[in-house]
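One letter stands for each residue in the lines below.
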Amino acid sequence: MSYHFCVAGTDARQQAAAAALRAAGCTVCGPAQAGGAPLLLLPMSARGEEFGALLQAARPGTLVLAGRPDAALRAQAAARGLPLLDYNAQPALARLNAVPTAEGCLSLLLRWRDRTIWESPFLVLGYGRVGQAVAGRLAALGGLVTVAARSAAQRAAARCAGCRAAPLTALDRLLPGVDAAVNTIPAPVLGAAELACLPPGAVVIDLASAPGGTDFAAAKALGVRAVLAGGLPGRCAPATAGALIAQTVLGMLREREAPPKEA
């Protein structure tokens, strides 16, 4: 089935999503034609401040598809009676986005360090989707990877994947021996005491949702290079990230139209 989308947003990821939708046989227009499209595709982290006027121009009943929309956008869509779906909440997209996130992380590690990944010691905090993708790629390139996780099941999975594993309570023992720490846990885990354990020249890349799990003020005071590296799919691989969004929203639409299964 062909769908008619209005795609808003000018970043490379949205442009790639529009191209992927056209390649799938869909009709795609820009914001100026929003009133004629039954589907409105907004970018990741869509804000009401930016897209409120576009919602006003949309025709009644338009389905809004957005990634992590803020509260203002949700309220504006509700006030206009426009149904809104968050495509970022789809588990499949979260799993697939872990790949460009991990590759973007490797790019930062290569840029900020003066050693190979091969035979360098790394600590990955957390072993969810992103932690698994990062640890697996570091290990595949010959990195010496230790995973720190609260869950015994996650630690067991990391060991089965060829990594060393330890509980988060062992950070004071683990951090002095690593070149880089990659955090994927969206909770405070790398405070001043932990950061002080890192050796000189070590870097911290925090991939968790803002505000991350690192005390960045403490890192600055200690002279530790630390960065909250959010949005890596859109920054490092926008063509892939946009295509994944297009695939996800098309799958969501097909599921909505599928007849209910018989009991």
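Participant: Is there a simple way to explain the packing of helix 4 (residues 91–112) against helix 5 (residues 129–140) in this structure?
Facilitator: Two measures define how a pair of helices packs: the angle their axes make with one another and the distance between the axes. Remark: helix 4 packs on helix 5, axes separated minimally by 8 Å, with the N-to-C direction vectors making an angle of 45°. Regarding the angle of helix 4 to helix 5, the classification is oblique. Relative to helix 5, the crossing made by helix 4 is right-handed. Mapping the contact onto sequence places Ala94, Arg95, Ala98, Val99, Thr101, Ala102, Glu103, Cys105, Leu106 and Leu109 in helix 4 and Arg129, Val130, Gln132, Ala133, Val134, Arg137 and Leu138 in helix 5. Of the residues in the contact of helix 4 with helix 5, the class split is 11 nonpolar, 2 polar and 4 charged.

Participant: Help me understand helix 5, please; the structure alone is not making it clear to me.
Facilitator: Because the α-helix completes a turn every 3.6 residues, residues three or four places apart line up on one side. In a regular helix each residue adds 1.5 Å, so 12 residues correspond to 16 Å; helix 5 covers 17 Å between its end C-alpha atoms and thus fits that length. Along helix 5, the residues that are buried comprise Gly131, Ala133, Val134, Ala135 and Leu138. Where helix 5 is buried, its residues meet helix 4, strand 6 (121–125), strand 7 (144–148) and strand 9 (180–183). Immediately downstream of helix 5, the backbone of Gly142 shows phi near 90°, a positive value.

Participant: Sorry, what's going on with the sheet that holds strand 6 here?
Facilitator: Through backbone hydrogen bonds, the strands of a sheet pair up, either in parallel or in antiparallel fashion. Spatial ordering of the open sheet is given by 8-7-6-9-10-11, a layout of 6 strands whose pairing is parallel. A strand with exactly one partner marks an edge of an open sheet, and here the two such strands are strand 8 (164–166) and strand 11 (225–228). Across the sheet, the mean angle separating the axes of adjacent strands is 20° when strand polarity is ignored. Across 5 bridges, the pairing between strand 6 and strand 7 is parallel. Pairing of Phe122 across the sheet is with Val145, part of strand 7.

Participant: What am I meant to see in the pairing of strand 10 (residues 203–206) here?
Facilitator: Consecutive residues of a regular strand have side chains that alternate between opposite faces of the sheet. Of the two faces of strand 10, the one lined by Val203 and Ile205 and the one lined by Val204 and Asp206 are each fully buried. For strand 9 and strand 10, the ladder comprises 4 bridges, and the chain directions are parallel. Across the sheet, Val182 pairs through a bridge with Ile205, a residue of strand 10. As paired elements, strand 10 and strand 11 share 4 bridges and run parallel to each other. Within strand 11, the position partnered with Ile205 by the bridge is Val227. In the classification by handedness, the crossover that spans strand 10, the intervening helix 9 (residues 216–222) and the parallel strand 11 is right-handed.

Parameters and conventions
- Residues numbered from 1 in each chain as written.
- Predicted model: local features only at pLDDT ≥ 70, side-chain atom pairs only at ≥ 80, totals over all residues.
- Heavy atoms only, no water.
- Axes fitted to C-alpha atoms, helices over the stretch in contact; angles between N-to-C directions.
- Helix = DSSP H or I, 4+ residues; strand = E, 2+ residues; numbered from the N terminus.
- Parallel < 35°, antiparallel > 145°, perpendicular 65-115°, else oblique.
- Left-handed = near helix turned anticlockwise from the far one by under 90°.
- Contact = heavy atoms within 4.5 Å.
- Nonpolar A, V, L, I, M, F, W, Y, C, P; charged D, E, K, R; others polar.
- Expected span 1.5 Å × (residues − 1).
- Buried < 20%, exposed > 50% of the residue type's maximum accessible area, 1.4 Å probe, protein only.
- Pairing = 2+ DSSP bridges.
- Right-handed = clockwise from strand over helix to strand, strands pointing away.

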